[in-house]
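Okay, here's what each chain looks like letter by letter:
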Amino acid sequence: DVSLTVSPILDSEGRVVAVSKVARDISQRKREEASLRESERRHGFLLMLLDALREQPDGDTIGAVCVRMLARHLEVERCYVAQLSRPYNLARMIAEHRGGNLPPVYGKEGELSLSAFPACVQRLETDPLVIGDIRVEPGFSGAERNALLALGGHVALIAAPLRSDGLNSMWVLVVGSDKPRTW
């Protein structure tokens, strides 16, 4: 991005005899302005979220409101909180928001076997999981890719550990999109 300033140069009688041009690279300023706008947007969302959560009567409602608002804010099809139980190799749904005609991630029982997702679980032990497109993401078997895709709304996803008891359980926030995405 360039800012161009053009100024006339006048003679003693006020006639234009030349033109002065100054070009300035304003790329950095534009990036900083965009970054500031994005920061303000995130802060505004957090304030709205906190206001909405304060009004809720219990943990279940707080979870439902939180995942719904986050899904809308991030413009994703799926957002949920799950509790991963290592001893039972199961994930249990805590709260879920899904758009369109997506089925529940965890079926009617509210649970899902973790055995189909070994790389996901292993990576979540140490770091958030950020995937732009599971179809080409390295480190996943074909079976695990297919299992994620079969859930619907998991072409791109972020899974962030929220809390762990260190041994048996981990609570995870998952945000998923049915299209590839740069997070």
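Look a little higher up for the structure.
Residues numbered from 1 in each chain as written. Predicted model: local features only at pLDDT ≥ 70, side-chain atom pairs only at ≥ 80, totals over all residues. Heavy atoms only, no water.

Undergrad: Let's hear about the pattern of salt bridges: which residues, and what values?
TA: Tallying each qualifying case throughout the model produces 13 salt bridges. Across the pair Arg 15 and Asp 11 runs a salt bridge whose closest N-O atoms are separated by 3.0 Å. Note that Lys 179 and Asp 178 form a salt bridge whose closest N and O atoms lie 3.2 Å from each other. Of the residues examined, Lys 179 reaches a relative accessible area of 47% and is grouped as partly exposed. The exposure class assigned to Asp 178 is partly exposed, which follows from its relative accessible area of 38%. Here the salt bridges do not stand alone but share partners, grouping Asp 11, Glu 13 and Arg 15 into one network. (Salt bridge = Lys/Arg side-chain N within 4 Å of Asp/Glu carboxyl O. Buried < 20%, exposed > 50% of the residue type's maximum accessible area, 1.4 Å probe, protein only.)

Undergrad: Summarise the packing of aromatic side chains; cite the residues concerned and give the values.
TA: Tallied over the full model, the rule gives one aromatic pair. Between Tyr 80 and Tyr 106 the ring centres are 5.7 Å apart and the planes differ by 90 degrees, which places this aromatic pair in the edge-to-face class. Of the two residues, Tyr 80 sits in strand 3 (residues 78-85) while Tyr 106 sits in the loop between strand 4 (90-98) and strand 5 (111-113), which places them 26 residues apart along the sequence. Taking the relative accessible area as the measure of exposure, Tyr 106 reaches 6% and is therefore buried. Here the basic side chain of Arg 163 rests over the ring of Trp 171, its NZ or CZ set 4.1 Å away from the ring centre. (Phe/Tyr/Trp six-rings, centres within 6.5 Å; stacked < 30°, edge-to-face > 60°. Helix = DSSP H or I, 4+ residues; strand = E, 2+ residues; numbered from the N terminus. Lys NZ or Arg CZ within 6 Å of the ring centre and 35° of its normal.)

Read these as spatial facts, not as claims about activity.
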